[in-house]
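An overview of the molecular structure
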Amino acid sequence: MVIMTTTSSLTFLPVLERIAEEIERTPGRGRAADYIPALAARDPRRFGMAVAELDGTVYGVGDWREPFSAQSITKVFTLALDLAREGDELWEHVGREPSGNPFNSLVQLEYENGIPRNPFINAGALVVTDRLQTRTSDAAGELLNFLRAESGNTALDFDPEVAASESAHGDRNAALAHFMASYGNIDNDVPALLDQYFRQCSVTASCADLALATGFLARHGVRADGGRLLTRSQAKQVNAVMLTCGTYDAAGDFAYRVGLPGKSGVGGGIIAVVPGRCTLCVWSPGLDERGNSVAGVAALDRFTTLTGLSVF
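Per-chain numbering applies: the sequence of each chain, read as written, is numbered from 1 onward. Note on the predicted model: pLDDT of at least 70 is required for a residue's local features to be given, and 80 or more for side-chain atom pairs to be given and counted; whole-chain, interface and lining totals, by contrast, use all residues. Calculated side-chain values reflect all of the structure's heavy atoms, with hydrogen atoms and water omitted.

Let us now look at the overall build of the protein. In terms of helices and strands, the protein carries 14 helices and 8 strands. Only protein chains enter the accessibility calculation, which uses a 1.4 Å probe; a residue whose area is less than 20% of its type maximum is buried, one above 50% is exposed, and one in between is partly exposed. The burial tally for the protein puts 57% of its 312 residues in the buried class. Only the protein chains shown count as cover for residues, and all accessible areas are computed by the Shrake-Rupley method using a 1.4 Å probe. When the accessible area of the protein is evaluated, it comes to approximately 12,000 Å², of which 49% is carbon and sulfur surface. Computed over 27 positive and 37 negative side-chain charges, the inter-centroid distance for the protein is 5 Å. Strands here are runs of E lasting at least two residues and helices are runs of H or I lasting at least four, both read from the DSSP assignment and numbered beginning at the N terminus. Positive charge is attributed to Lys and Arg, negative charge to Asp and Glu, and no charge count is given to His or to the chain ends. Every charge is mapped onto a representative atom, which is NZ of Lys, CZ of Arg, CG of Asp or CD of Glu.

Set out below in structure tokens:
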């Protein structure tokens, strides 16, 4: 059943309310990520969803203004910030293909001589953060400033408890970074890079914040203030990589069910883009076995089904 075909909030809001009601009746919600205490304590039945229109109008349902740990969602913004600076040279250091392996796998790196498959697995995100660090001297700070500007929320910040937990359980990421450094694909000192990476992943933001911050991808590279971050072609590239690689090794299923570029994080959030129309963020901490929010994927599936909005 198609409820709407326009981007007016007068028609979007009933869709969101219906989705929230359906999600509330859903019995299984998965389990919160248990390796970070601040994430493990979250109730997997919490749920929020926001939609941001191209002009910055944002609205939502449930816990849409509740801050949560963005985690890997931030990889999208770091990718955009670096791509804006160095262009296609970036793709000499990280690929654009789905990995088919867990997001923190070491095996694939050895087969491919230290070049990660894509920017959204941990190895690829480390490369992107490393390259942004070289160009800005503070990759995490650059990311935070961007998110504050695009969301309009100057209170956005890192969560030191989450960053510390990430660091305490960061041996695999350290191994990935050292391994790539041995192939000459990391420029910065590995401990300093890891500090930047863990801070990046610890950003706390709400569905409203992240839906607004993602708006430049729906506006084909144009920021909230009208300035251009990415060329139209670069925005297309980021959206394409999100569609094929944005939900760990479940990207095919996500594309099949949702039909939008999206990026998930183990904090339970997922951002999604309807190019030329709007952006979305949904949050529910309960994850499936691949690290994606159970209720979040279901909610986005229902959104595209009810509205008919999809890239397909």
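Bringing the pairing of strand β1 (residues 48–53) into the picture now. Counting buried residues along β1, 6 of its 6 residues qualify, which places the element largely inside the surrounding structure. Neither face of β1 is open: one carries Gly 48, Ala 50 and Ala 52, the other Met 49, Val 51 and Glu 53, and all of them are buried. If DSSP finds at least two bridges between two strands, the strands pair. With 5 bridges joining them, β1 and strand β2 (residues 58–62) adopt antiparallel strand pairing. Counted as the bridge partner of Met 49 is Val 61 from β2. Between β1 and β2, which pair antiparallel in sequence order, lie 4 residues; one of them, Gly 56, sits at a positive phi of approximately 95 degrees. The sheet contact formed by β1 and strand β8 (residues 278–283) spans 6 bridges and is antiparallel. Counted as the bridge partner of Met 49 is Val 282 from β8.

Now for helix α14 (residues 294–307). Helix span, expected: 1.5 Å multiplied by one less than the number of residues in the helix. Between its terminal C-alpha atoms α14 stretches 20 Å, which fits the 20 Å expected from 14 residues at 1.5 Å a residue. The buried fraction of α14 is high, at 10 of 14 residues. By the burial criterion, the buried members of α14 are Ala 295, Gly 296, Val 297, Ala 299, Leu 300, Asp 301, Phe 303, Thr 304, Leu 306 and Thr 307.

The next point concerns the environment of Phe 12. Along the chain, Phe 12 turns up in helix α1 (residues 9–24). On a C-alpha basis, the gap between Phe 12 and Val 51 in space is 8.1 Å, while along the polypeptide they are 39 residues apart.

On to the side chain of Gln 234. Among the secondary structure elements, Gln 234 is positioned in helix α12 (residues 232–245). Contacts are assigned to residue pairs with any non-hydrogen atoms lying within 4.5 Å of each other. Residue contacts for Gln 234: discarding those within four places in its chain leaves Leu 83 and Gly 87.

Quick look at the packing of helix α8 (residues 171–182) against helix α9 (residues 190–201) now. Convention adopted: a line fitted to C-alpha atoms gives each axis, helices being fitted over their contacting stretch, and angles between N-to-C directions are expressed from 0 to 180 degrees. For the pair α8 and α9, the least separation of the axes is 10 Å and the interaxial angle reads 130 degrees. Relative to α9, the element α8 lies oblique. Here α8 and α9 pass one another in a crossing that is right-handed. Seen from α8, the contacting residues are Asn 173, Ala 174, Ala 177, His 178 and Ala 181; seen from α9, they are Val 190, Leu 193, Leu 194, Tyr 197 and Phe 198. Looking at side-chain class alone, the contact of α8 with α9 contains 8 nonpolar, 2 polar and no charged residues. Should an angle fall under 35 degrees it is taken as roughly parallel, and over 145 as roughly antiparallel, whereas 65 to 115 is taken as roughly perpendicular and any remaining angle as oblique. Should the near helix be turned anticlockwise from the far one by less than a right angle, the crossing is termed left-handed; should it be turned clockwise, right-handed. Put simply, Ala, Val, Leu, Ile, Met, Phe, Trp, Tyr, Cys and Pro go in the nonpolar bin, Asp, Glu, Lys and Arg in the charged bin, and everything else, Gly too, in the polar bin.

Here we take up the sheet that holds strand β4 (residues 157–158). Taking strand neighbours across the sheet as the criterion, the 3 strands line up as β3-β5-β4 in an open arrangement whose pairing is antiparallel. Whereas interior strands pair on both sides, the edge strands pair on one side only; in this sheet they are β3 (68–69) and β4. Across 2 bridges, β3 lies against strand β5 (residues 203–205) in antiparallel orientation. When the bridges of β5 are listed, Phe 68 appears paired with Ala 205.

The next thing to look at is α9. For α9, built from 12 residues, the straight-helix expectation of 16 Å at 1.5 Å per residue is met to within 8% by its first-to-last C-alpha distance of 16 Å. Of the positions making up α9, those classed as buried are Val 190, Leu 193, Leu 194, Gln 196, Tyr 197, Phe 198, Gln 200 and Cys 201.

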